[in-house]
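# Residue-level structural notes
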Number of protein chains: 2
Amino acid sequence: MADIGKLLWPQSVAVVGASSDVQGLRGRILQTILSHPFAGRVYPVSRSATEVQGQKAYPSVDILPELADLAILIVPAQYVPTELERCGRAGIKAAMILSSGFAEEGEAGGRMQDEISVIARRHDMAVSGPNSEGFANIAASLCPTFSPVMDKNAGPIKPAQALGAGQISVISQSGGLGFAVFDRARPRNLAFQHIVSTGNEAALEAFDFVDYMLDEGMTDVFLLLLEDVKTPERFKRVAEKALHAGKPIIVGKIGRSEAGARAVASHTAALAGSEASYRAMFDRYGVIEARELDDMIDLAVGFLACGDRMPVGKRIGICTASGGAGVWMADACVAAGLEVPVLDEATRKSIDVHIPSYGTSQNPVDCTAQGVHKLGYATFANLLAQSPLIDGITVVVTARRSAFLEIDLPKLEDLKKNTRKPIYMWTYTLPSDRSVEILNAAGYPLFTSAFGCVCHTRHGRLPRFTGADIK
Amino acid sequence: MADIGKLLWPQSVAVVGASSDVQGLRGRILQTILSHPFAGRVYPVSRSATEVQGQKAYPSVDILPELADLAILIVPAQYVPTELERCGRAGIKAAMILSSGFAEEGEAGGRMQDEISVIARRHDMAVSGPNSEGFANIAASLCPTFSPVMDKNAGPIKPAQALGAGQISVISQSGGLGFAVFDRARPRNLAFQHIVSTGNEAALEAFDFVDYMLDEGMTDVFLLLLEDVKTPERFKRVAEKALHAGKPIIVGKIGRSEAGARAVASHTAALAGSEASYRAMFDRYGVIEARELDDMIDLAVGFLACGDRMPVGKRIGICTASGGAGVWMADACVAAGLEVPVLDEATRKSIDVHIPSYGTSQNPVDCTAQGVHKLGYATFANLLAQSPLIDGITVVVTARRSAFLEIDLPKLEDLKKNTRKPIYMWTYTLPSDRSVEILNAAGYPLFTSAFGCVCHTRHGRLPRFTGADIK
């Protein structure tokens, strides 16, 4: 059985086709690897140069100072089968093929792609691609990719202080979109483990990586960008395994429309299939589909931040200092399939004593600006959490100013510790940096999209499904 | 007829209820006014203080050094009718009432609100509110509001260089959401003219302001946040007038769900009504409904940036350096009701000579990273624009790096000048600041939401409707 561990966690990496021209892709990939503090060895392999970007280069993978764990292939398509075979014979057990020009290009390319698949099987190699954009193992600081997102100028790849304890991995047939999801998540202070671009999937498929990462145990939420599912049986087995493990899989399906499906065929030669059949398959195995890149990230944030306190039902309590913004959130909840029930009398009484007469405790609870100025947000959220009619709480804040949150911080921290119900924060204005800091420090993610804030709640009970629940 | 010009463009403003306590709303409003360079005179009116925030204060509006054009009322609800009557008798022709505690609070409050309406009529005053959060006239640097968004620390209220030539005005029954839309739009470099919070609308309604601003001629796109439409006849007359003037009205309807409608009743005492009946009314008059705050802004950006080159049809050409991101955009177009047709042979031939064999010219045009490195984006967009099958072009870019855009800038500027078809830019990664600068300088907005990038296109022909088109 091919060992994906050799691919994602190599101690030594050969870059076959490396170049000193950092304007081109063959130069960019080595530059990107070298710009991150990867602790293993990196060997440029070049037929024409003895030195590449200041590193000694080797003419072939079979005369490296050691047997490389992983070969990165970025040579013209027609040379790929030969080079991969050379790797296999040398005993290299993993390869990532970034070259394009295979099944996406027509019949001749398709035959070369079949050769890749045969060679991988023959040598029992873990082979990803071709037509991949590479991958990144964040913990290992290993980034064999030409994605501009992993450029050292694009920002740090690990947050100074991560939100929540969990990690996200991205697996994408499209390298551009996979790395884009990571890039868009960066300002949200989330910890990522792997970003893998699987390209045309001649050998390893997206769900092989999910399977490996489930065993590896370092990924808590999976974000997948899929043009197709090549082997449905593999999908079913791995999706069920993820469900049992309580690890959500969130999918952005690429090629939902006819025009999109047509483009997918020429992109990675995938058959996008009918939207309805994919949706049915995803639904059955609890795979969550998202329609926007940022929705995928909001869903992941919801799961990571909730941790082990997922809502047990879909009844949401809302508290707000802005009446209108509270209504907007109530509409967003209902649009997402959640409920916003009128609160019970006991809870209402406990809230009414704190708010002026022009506020309301019905739900949404309009604490009014005056109520929040006096008591802060945490007190109201805590009163809401006491209601037996409520499974989760959404706090509608304006995080433009941080002053009230700053004062409220100790109470917010207590609230996080003392309630088992999940608490979400949505800001209708843009937040100041300090507001984000305060809320993250207290363990709360801050959402700026109302839909994004609530969209994962409806999947709350999903990771708790057992096999018996699969229809 | 009450003169809204006195309300929005006063030369002198009385702040009735002004206080030196800037922690409270009565102090914050004066502080916010004074922190912006308003050229008119501001008179604090206080029953208890002779000086407020370093300004001489007056005990009553009828003994000011001059007749004020506008009175801002922020006194407890029960004093509002008396103070408003005093303003009317003194000859003040406009008032903005920020006090809460009227119809949203019950019957007694409702009676006081009726009194406001009677007093406004009696003295022919332009009265907005009660329960308003105030307004901002950006050109006049006049911000009588306690919204934290207009706080001087929240950032400049005018962009250093505005995108496009047009201006946006926001009119909102909810002050929180109205100012939040402005706040969220701020990083997009858009020019705003007015932000008005109309609250409970005892006298002036949202569409009275639209009516005035249509005559004023300084607003090109209207963003409205509505809990209800109090006088349908007024809505119909003004919406039709906007349609004839070619000025789009984009609405965020607050209280679409049952829970939301219940909350609206207690917020501004509005009757949210059925979602279906509002949608029918909006559709008939070409009013565009948006579901997310950021979608409202994306729609406005689309209209402003297109200016007089709105698409004449719904056939979109897409060019991209990332196959997957191109497919994502094709799916977004189709989801928004647009078409992504296969290109004509002549256009395909003109493109094929520039792209490697693993790219495609079908549409989406996958120029491949290699194609874009060689020629930039503008050349491909220009070739697409020549196609008779295409009404608008979406360019899918990764704006993470600005290097290619920098080189492409002269061609992008030419393209903007030389084609009448609208060209939209979507980045699937987050953009660098420099990328945004370059594209804005060339006259292109850069969208980060795929749906947001295309959603206004389907309304392309709408502002060209004539009265005859209204069913």
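These remarks concern the structure in this document. (Residues numbered from 1 in each chain as written. Chains lettered and ligands numbered in written order. Predicted model: local features only at pLDDT ≥ 70, side-chain atom pairs only at ≥ 80, totals over all residues. Heavy atoms only, no water.)

## A closer look at the overall build of chain A
Tallying secondary structure elements over chain A gives 16 helices and 18 strands in all. Whereas a compact globule of 471 residues would reach a radius of gyration of roughly 23 Å, chain A reaches 25 Å, a difference of no more than 12%. Looking at chain A residue by residue over its 471 residues, the buried ones come to 65%. Looking at chain A alone, contacts between residues at least 24 apart form 75% of all its contacts between residues at least 6 apart. Summed over all atoms, the accessible surface of chain A reaches about 16400 Å², with 51% contributed by carbon and sulfur. When the 47 basic and 51 acidic side-chain charges of chain A are each reduced to a single mean position, those positions are 3 Å apart. (Helix = DSSP H or I, 4+ residues; strand = E, 2+ residues; numbered from the N terminus. Rg over C-alpha atoms; globule rule 2.2 N^0.38 Å. Buried < 20%, exposed > 50% of the residue type's maximum accessible area, 1.4 Å probe, protein only. Contact = heavy atoms within 4.5 Å. Areas by Shrake-Rupley, 256 points an atom, 1.4 Å probe, with all protein chains shown as cover. Lys, Arg positive; Asp, Glu negative; His and termini not counted. Charge placed at Lys NZ, Arg CZ, Asp CG, Glu CD.)

## Quick look at the sheet that holds strand β9 (residues 168-172) of chain B
Residue and element names in this part refer to chain B. Read across the sheet, 6 strands follow the order β8-β10-β9-β11-β12-β13 without closing on themselves; strand pairing throughout is mixed. In the strand order of this sheet, the two ends are held by β8 (135-137) and β13 (288-289), each with one partner. Here β8 runs beside strand β10 (residues 192-197); their pairing, made up of 3 bridges, is antiparallel. Considered in β10, the bridge of alanine 136 is made with isoleucine 195. (Pairing = 2+ DSSP bridges.)

## Re the environment of arginine 26 of chain A
All names here are of chain A. With respect to the helices, strands and loops of the structure, arginine 26 is situated in helix α2 (residues 25-34). The class of arginine 26 is partly exposed, set by a relative accessible area of 40%. Separated by 267 residues in sequence, arginine 26 and leucine 293 have C-alpha atoms that sit 28 Å apart. Among the polar contacts listed, one links the side chain of arginine 26 to the backbone oxygen of glycine 17, at a separation of 2.7 Å. (Polar contact = N/O pair within 3.5 Å; in protein donor to acceptor, adjacent residues only side chain to side chain.)

## Focus on the packing of aromatic side chains
Two numbers describe a pair of aromatic rings. These are the distance of the centres and the angle of the planes. All names here are of chain A. Taken as a whole and assessed by the stated rule, the structure comprises 14 aromatic pairs over all chains. On the basis of an interplanar angle of 85° and a centroid distance of 5.0 Å, the ring pair of phenylalanine 207 and phenylalanine 235 is categorised as edge-to-face. One end of the pair, phenylalanine 207, is in helix α6 (residues 206-216); the other, phenylalanine 235, is in helix α7 (residues 232-245), and 28 residues separate them in sequence. Under the relative-accessibility criterion, phenylalanine 235 is labelled buried at 1%. One aromatic cluster in this structure is built from Phe207, Phe235, Tyr278, Phe282 and Tyr285. Note that lysine 416 overlies the ring of tyrosine 444, its terminal NZ or CZ placed 5.5 Å from the centroid. (Phe/Tyr/Trp six-rings, centres within 6.5 Å; stacked < 30°, edge-to-face > 60°. Lys NZ or Arg CZ within 6 Å of the ring centre and 35° of its normal.)

## A short note on the relation of the copies chain A and chain B
With an RMSD of 0.0 Å, chain A superimposes on chain B once it is rotated by 180° and translated 0.0 Å along the axis. Interpreted geometrically, this transformation is the action of a two-fold axis. The residues that chain A uses at the interface reappear at the interface of chain B in 100% of cases, marking a shared surface. (Least-squares fit on C-alpha atoms with pLDDT ≥ 70 in both.)

## Focus on the interface of chain A and chain B
Listed per partner, the contact involves 70 residues of chain A and 70 residues of chain B. Of the roughly 5400 Å² buried where chain A meets chain B, counting both sides, 57% is carbon and sulfur surface. Applying the counting criterion to the chain A and chain B interface returns 4 salt bridges. For arginine 400 of chain A, the salt bridge identified is with aspartate 183 of chain B, shortest N-O distance 2.5 Å. Our count for the contact surface shared by chain A and chain B stands at 29 residue pairs in polar contact (both at pLDDT 80 or more). Contributions of two or more residues to the side of chain A that touches chain B are made by α2, α5 (175-185), β12 (249-253), α8 (258-268), α11 (323-335), β17 (423-427) and α16 (450-454) of chain A. (Buried area = accessible area lost by both parts, 1.4 Å probe. Salt bridge = Lys/Arg side-chain N within 4 Å of Asp/Glu carboxyl O.)

## Remarks on helix α4 (residues 107-122) of chain B
All names here are of chain B. Between its terminal C-alpha atoms α4 stretches 23 Å, which fits the 22 Å expected from 16 residues at 1.5 Å a residue. Those residues of α4 lying buried are Gly109, Gly110, Met112, Gln113, Ile116, Ser117, Ile119 and Ala120. Its buried side turned inward, α4 meets α3 (80-90), β6 (94-97) and β7 (126-128). Taken from the residues just after α4, aspartate 124 is the one with a positive phi, measuring 55°. (Expected span 1.5 Å × (residues − 1).)

## Concerning unusual backbone geometry
It is generally the case that most residues other than glycine have a negative phi and that most peptide bonds are trans. All names here are of chain B. The omega torsion of the bond from glycine 129 to proline 130 falls at 0°, within 30 degrees of zero and hence cis. Counting through the fold element by element, proline 130 comes out in the loop between β7 and β8. The phi dihedral of aspartate 124 falls on the positive side, at around 55°, and the residue is not glycine. Inspection of the secondary structure puts aspartate 124 in the loop between α4 and β7.

## Describing the pattern of salt bridges
One pass over the structure, following the stated rule, counts 52 salt bridges over all chains. The salt bridge partner of aspartate 69 of chain B is lysine 6 of chain B, with a shortest N-O separation of 3.5 Å. Linking aspartate 69 of chain B in the loop between β4 (55-56) and β5 (70-73) with lysine 6 of chain B in helix α1 (residues 4-8), this pair joins segments that are 63 residues apart in sequence. One network of salt bridges, in which partners are shared, links Asp211, Asp215, Arg237 and Lys241 of chain A.

## Re the pairing of strand β5 (residues 70-73) of chain A
Residue and element names in this part refer to chain A. Every second residue of β5 is oriented toward a common face, with Leu70 and Ile72 on one face and Ala71 and Leu73 on the other, all of them buried. Relative to strand β6 (residues 94-97), β5 runs parallel, the two sharing 4 bridges. Of the residues in β6, the one forming a bridge with leucine 70 is alanine 94. Since β5 and β6 lie parallel, the crossover through helix α3 (residues 80-90) that links them has a hand, and here it is right-handed. (Right-handed = clockwise from strand over helix to strand, strands pointing away.)

## Considering α6 of chain A
Residues and elements named next belong to chain A. α6 sits mainly inside the fold: 9 of its 11 residues count as buried. The complete set of buried residues in α6 reads Ala206, Phe207, Asp208, Phe209, Val210, Asp211, Met213, Leu214 and Glu216. Directly beyond the C-terminal end of α6, a positive phi value near 75° is found at glycine 217.

## What about the side chain of arginine 256 of chain A?
Mapped onto the secondary structure, arginine 256 of chain A falls in the loop between β12 and α8. Although buried, arginine 256 of chain A forms no salt bridge, and the nearest oppositely charged side chain, glutamate 275 of chain A, lies 4.0 Å from it. At 3.4 Å, the side chain of arginine 256 of chain A forms a polar contact with the backbone oxygen of lysine 253 of chain A. The contacts of arginine 256 of chain A, once residues within four sequence positions are left out, are Glu275, Glu289 and Arg291 of chain A together with Asp331 of chain B.

## Examining the sheet that holds β12 of chain A
All names here are of chain A. Read across the open sheet, the 6 strands follow the order β8-β10-β9-β11-β12-β13; overall the sheet is mixed. Edge positions in the open sheet fall to β8 (135-137) and β13 (288-289), since each of these has one partner strand only. Pairing analysis gives 5 bridges linking strand β9 (residues 168-172) to strand β11 (residues 221-226), with the strands arranged parallel. Opposite serine 172, over in β11, you have leucine 225 as the bridge partner. Against the sheet, helix α9 (residues 275-284) engages β11, β12 and β13, with an angle of about 175° to β12. (Axes fitted to C-alpha atoms, helices over the stretch in contact; angles between N-to-C directions.)

## Considering the state of the cysteines
Inspection of every chain in the model, using the stated rule, returns 0 disulfides over all chains. The thiol of cysteine 333 of chain B is not disulfide-bonded; the next cysteine sulfur, from cysteine 453 of chain B, is found 7.4 Å away. (Disulfide = S-S within 2.5 Å.)

## Some thoughts on the nonpolar core
Ranked by size, the top nonpolar core spans 120 residues in total, and within it Met329 and Trp426 of chain A together with Met329 and Trp426 of chain B carry the most contacts. Once residues lying within four places of it in the same chain are set aside, the contact partners of methionine 329 of chain B are Ile318, Thr394, Val396, Trp426, Ala450, Cys453 and Val454 of chain B. If you look at the next biggest cluster of nonpolar residues, it comprises 50 residues, including Leu30, Leu70, Ile72 and Met213 of chain B. (Core = buried A, V, L, I, M, F, W, Y, C linked by side-chain atoms within 4.5 Å.)

## A closer look at the environment of leucine 214 of chain A
All names here are of chain A. Here leucine 214 shows up in helix α6. Residues leucine 214 and lysine 241, spaced 27 residues apart in sequence, show a C-alpha to C-alpha distance of 8.1 Å. Not counting residues up to four positions away in its chain, the partners in contact with leucine 214 are Phe222, Val238, Lys241, Ala242, Ala245 and Lys247.

## Comments concerning the packing of helix α13 (residues 368-385) of chain B against helix α14 (residues 403-418) of chain B
All names here are of chain B. As a packed pair, α13 and α14 sit with axes 9 Å apart at the nearest point and diverge in direction by 25°. Comparing their axes, α14 and α13 come out roughly parallel. In terms of crossing hand, the pair formed by α13 and α14 is right-handed. On the side of α13, the interface is formed by His373, Leu375, Gly376, Tyr377, Ala378, Thr379, Ala381 and Asn382, while α14 contributes Phe404, Leu405, Asp408, Lys411, Leu412 and Leu415. (Parallel < 35°, antiparallel > 145°, perpendicular 65-115°, else oblique. Left-handed = near helix turned anticlockwise from the far one by under 90°.)

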